[in-house]
Amino acid sequence: MDTQQVEKIIKSIAGKVQQLLPVDHFYALLYDADRATVQIVEPAASSYTRALDPQLLPDALLHSDKTKLYPHNDMTLSEQLEREELSYWPDGELPLAWLGAPMVVEDRIIGALVVENRRKPSAFGQTGPTMLTTIARQTAVAIENARLYARLDRKIAMQRAIHTVGQKLSEAVKAGEPEIFRLIDEQASKVMDTNNMYIALYDSTTDVVSFPFMRINGQSREVAPRSGGRGRTEWIIQHKQPILIKTKNESVQWYLEPGHGEYIGNPLASWIGVPMMYEDQALGVIAAYHETDDYVYDKDNLDLLQTMAAETSVALENARLYHKLEQRVQERTQQLTALQDIGVKLASTTDLAEVLDAIVQHANEIMAADFCVLFPYNREKRAFEDGIWVRGETDVELAVPNSNGFTASIAEKQKPYFAEDARNEPGKKPGLPKGKEVHAFACLPLVARQNTVGVLYVNYLAAHEFLEEEQEIIQLLCNQAAVALENARLVADLAETASLLERTTIAADFLHRINNLTGTIPIWVN
């Protein structure tokens, strides 16, 4: 609770106490059980906080709900403190009379009121304890109500921040990572200490943690990505659980655990971090810390960050999906445009070798493959002929497929085959030198007029997902390629037929001339 509110309540109580009791010194003790501290509040002095010490008077009041009056039983205050093994606080001359009443709310001790008299041992008489007990109860209720209102205001502010984040993220479907991080920072900073804050992203495929948003002591910083770390960020990602560290002692103890690593150089006093989860995957971490102060963050801060992290995860995934979709649209547009250009180029030539080379070249480019292979096929002979055509990675070990293998089955069945994980299919993919391996491939028949004219392989050395749109694109390319290849073959056949016809005509003409010549020989003889 705000110190000014406490001081205002204590000052109002002080006047009431001084009217009812002979007071030379009055102060209030506020007890924080979580931190094991007491805050001393005096009407005419600045408040301060120290560690709880049960061996001190007034701290001993906080372990009992009974009001204590000193002296009594014909003993001095000094004698009674010695008998109870207590020390007077603060150091200095002992008062003649001391009276303390605990402030209790629903069986919880939240502090105490203390009055002292330095003139008369019996100054507070028989009624003093009852009066101070009543005042202490009233004060406890006032302080607790103020705390409840402060907590309520804080929770309202946090809910408002959460609502703002959710609303803006849902409206900004196209928002990129910088916009999302800026919004989280803006709203979190309204309700908690974010002078030191960062957002980390985790790439599970490479096991790399990057830090696209980092602020240290109020200044933006660039931090290099890291892999195989043992810090709190990696712990949260691995265990998918938040961390709330309230004190430097807790921080030191955390790093003493096996497998934990410290990267800043000095254990931080306060640290809070939560995972950004999407389905069952940790996308990253949102974290904040304070270098020197204990108890900067609490469970309310943890709840706030966890809710924001959940909304951030969805927003990040939506942004990635949107970007991916947008990229797919652009790629598909480019591919369709390229297909149109390819169709024009294939139609512009009838040279069989040029057509075969153009097919593998354009397939390699349009599919962004590592290499493509085309095996021309003669279905009548049920055999592959006209060589092997390769574009892209040329350091491959290839041979003309046999008539009973996997490639021949594709030609005969006229059905494409897509392998996104080809490592377990050695008999279906092209061979590569040691150290290289085809991870994904597509094997497609080129069919024209229900006749297979070739089989095309599209190969990837890394993992590749054949999306539905991509399969459609490569199928369109194969359709165009099949027609172009069939036409080139027809033209080649026509050229061969024409050449044969020409040779036949020449031979016939020569024979005719020979016949004519042999017919004139007798005449010449005569």
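Just above, that's the structure.
So, how was this worked out
- Residues numbered from 1 in each chain as written.
- Predicted model: local features only at pLDDT ≥ 70, side-chain atom pairs only at ≥ 80, totals over all residues.
- Heavy atoms only, no water.
- 1 Å grid on protein atoms, 1.4 Å probe; cavity = no way out; pocket = protein on both sides within 12 Å on 5 of 7 lines; lining within 4 Å.
- Points joined across faces, edges and corners; volume = space filled by probe spheres on them.
- Helix = DSSP H or I, 4+ residues; strand = E, 2+ residues; numbered from the N terminus.
- Nonpolar A, V, L, I, M, F, W, Y, C, P; charged D, E, K, R; others polar.
- Axes fitted to C-alpha atoms, helices over the stretch in contact; angles between N-to-C directions.
- Parallel < 35°, antiparallel > 145°, perpendicular 65-115°, else oblique.
- Left-handed = near helix turned anticlockwise from the far one by under 90°.
- Contact = heavy atoms within 4.5 Å.
- Salt bridge = Lys/Arg side-chain N within 4 Å of Asp/Glu carboxyl O.
- Buried < 20%, exposed > 50% of the residue type's maximum accessible area, 1.4 Å probe, protein only.
- Pairing = 2+ DSSP bridges.
- Phe/Tyr/Trp six-rings, centres within 6.5 Å; stacked < 30°, edge-to-face > 60°.
- Lys NZ or Arg CZ within 6 Å of the ring centre and 35° of its normal.

Peer 1: Tell me about the layout of surface pockets, and name the residues and values.
Peer 2: Volume-wise, the second largest pocket comes out at about 490 Å³. If you trace the second largest pocket, you find 18 residues lining it, with R328, E331, H464, L467 and E470 closest to the centre. For the lining of the second largest pocket, the elements supplying multiple residues, two or more each, are helix 7 (299-347), helix 8 (352-366) and helix 10 (468-525). With eight residues, the top contributor of residues to the lining of the second largest pocket is helix 7. Tallied by class, the residues present in the lining of the second largest pocket amount to seven nonpolar, three polar and eight charged.

Peer 1: Please give an account of the packing of helix 3 (residues 128-171) against helix 4 (residues 177-188) that cites residues and values.
Peer 2: One way to put it is that helix 3 packs onto helix 4 with a least axis distance of 9 Å and a crossing angle of 165 degrees. One way to sum up the angle between helix 3 and helix 4 is to call them roughly antiparallel. Crossing geometry of helix 3 relative to helix 4 is assigned as right-handed. Seen from helix 3, the contacting residues are A161, T164, V165, K168 and L169; seen from helix 4, they are I180, L183, I184, E186 and Q187.

Peer 1: So what about the pattern of salt bridges? Which residues, and what values?
Peer 2: In the structure shown here, the tally under the stated rule is 18 salt bridges. R119 is the partner of D24 in a salt bridge, and the nearest nitrogen-oxygen pair spans 3.2 Å. Here the residue D24 occupies a position in the loop between helix 1 (3-20) and strand 1 (25-32), and R119 occupies one in the loop between strand 8 (108-117) and helix 3, the gap between them amounting to 95 residues. R119 sits in the exposed class, given a relative accessible area of 58%. Where K240 meets D280, a salt bridge forms, and the shortest distance between an N and an O atom there is 3.5 Å. Remark: D280 occurs in the loop between strand 14 (270-278) and strand 15 (281-290) and K240 occurs in the loop between helix 5 (232-239) and strand 13 (243-245); sequence separation between them is 40 residues. What you see here is one network of salt bridges that share partners, running through R154, K155, D298 and D300.

Peer 1: Go over the sheet that holds strand 7 (residues 97-105) with me, naming the residues and quoting the values.
Peer 2: Taken in spatial order, the six strands of this open sheet run 3-2-1-8-7-5, and their pairing is antiparallel. The sheet is open, and its two edges are formed by strand 3 (45-51) and strand 5 (68-70), each paired on a single side. Along the sheet, successive strands turn relative to each other by an average axial angle of 15 degrees, direction set aside. For strand 2 (residues 37-42) and strand 3, the ladder comprises five bridges, and the chain directions are antiparallel. Among the inter-strand pairings, T37 is bridged to a residue of strand 3, identified as A51. Here helix 3 sits on the sheet and contacts strand 1, strand 5, strand 7 and strand 8; the angle it forms with strand 7, its principal contact strand, is near 40 degrees.

Peer 1: Summarise the pairing of strand 10 (residues 208-216); cite the residues concerned and give the values.
Peer 2: When strand 9 (residues 197-203) meets strand 10, the two strands line up antiparallel, connected through six bridges. By the bridge assignment, Y198 is partnered in strand 10 with M214. Count of turn residues in the strand 9/strand 10 antiparallel hairpin: four residues, of which D207 carries a positive phi of about 60 degrees. As paired strands, strand 10 and strand 11 (residues 219-220) are joined by two bridges and run antiparallel to one another. Across the sheet, residue I216 finds its bridge partner in strand 11, namely Q219. Between the antiparallel neighbours strand 10 and strand 11 lie two residues, among them N217 with a positive phi of about 50 degrees.

Peer 1: Describe in detail the packing of aromatic side chains, supporting the description with residues and values.
Peer 2: Inspection of the entire model under this criterion finds 13 aromatic pairs. Taking 5.8 Å as the distance between ring centres and 75 degrees as the angle between the ring planes, the aromatic pair formed by Y27 and W89 counts as edge-to-face. Of this pair, Y27 sits in strand 1 while W89 sits in the loop between strand 6 (87-88) and strand 7, and the two are 62 residues apart along the sequence. A ring pair is formed by F418 and F466, whose centres lie 5.4 Å apart and whose planes are at 55 degrees; its orientation type is tilted. Taken together, the positions of F418 in strand 19 (residues 417-419) and F466 in the loop between strand 21 (451-460) and helix 10 put the pair 48 residues apart, joining distant regions of the chain. F418 sits in the partly exposed class, given a relative accessible area of 24%. F466 sits in the buried class, given a relative accessible area of 4%. The cationic tip of R50 hangs over the ring face of W89; the distance from NZ or CZ to the ring centre is 4.7 Å. The ring of W254 has R232 sitting right over it, with the charged end atom 5.1 Å from the ring centre.

Peer 1: Would you mind going over the side chain of D185 in detail, with residue names and values included?
Peer 2: Mapped onto the fold, D185 is located in helix 4. Aside from chain neighbours lying at most four places away, what touches D185 is T194, M197, F213 and R215.

Peer 1: With reference to specific residues and values, describe unusual backbone geometry.
Peer 2: Following Y70, the chain continues into P71 via a peptide bond in cis, with omega recorded as -5 degrees. Cis peptide bonds are those with omega within 30 degrees of zero, and the linkage from W89 to P90 qualifies with 0 degrees. When you line up the elements, P90 lands in the loop between strand 6 and strand 7. In this structure, R382 takes a positive phi of about 55 degrees despite not being glycine. Inspection of the secondary structure assignment puts R382 in the loop between strand 16 (371-378) and strand 17 (383-384). Even without glycine at this site, Q414 takes up a positive phi of about 60 degrees. A residue is classified by how much of its surface remains accessible, and Q414, at 23% relative accessible area, is partly exposed.

In short, the description is geometric, and any link to function would need to be established separately.
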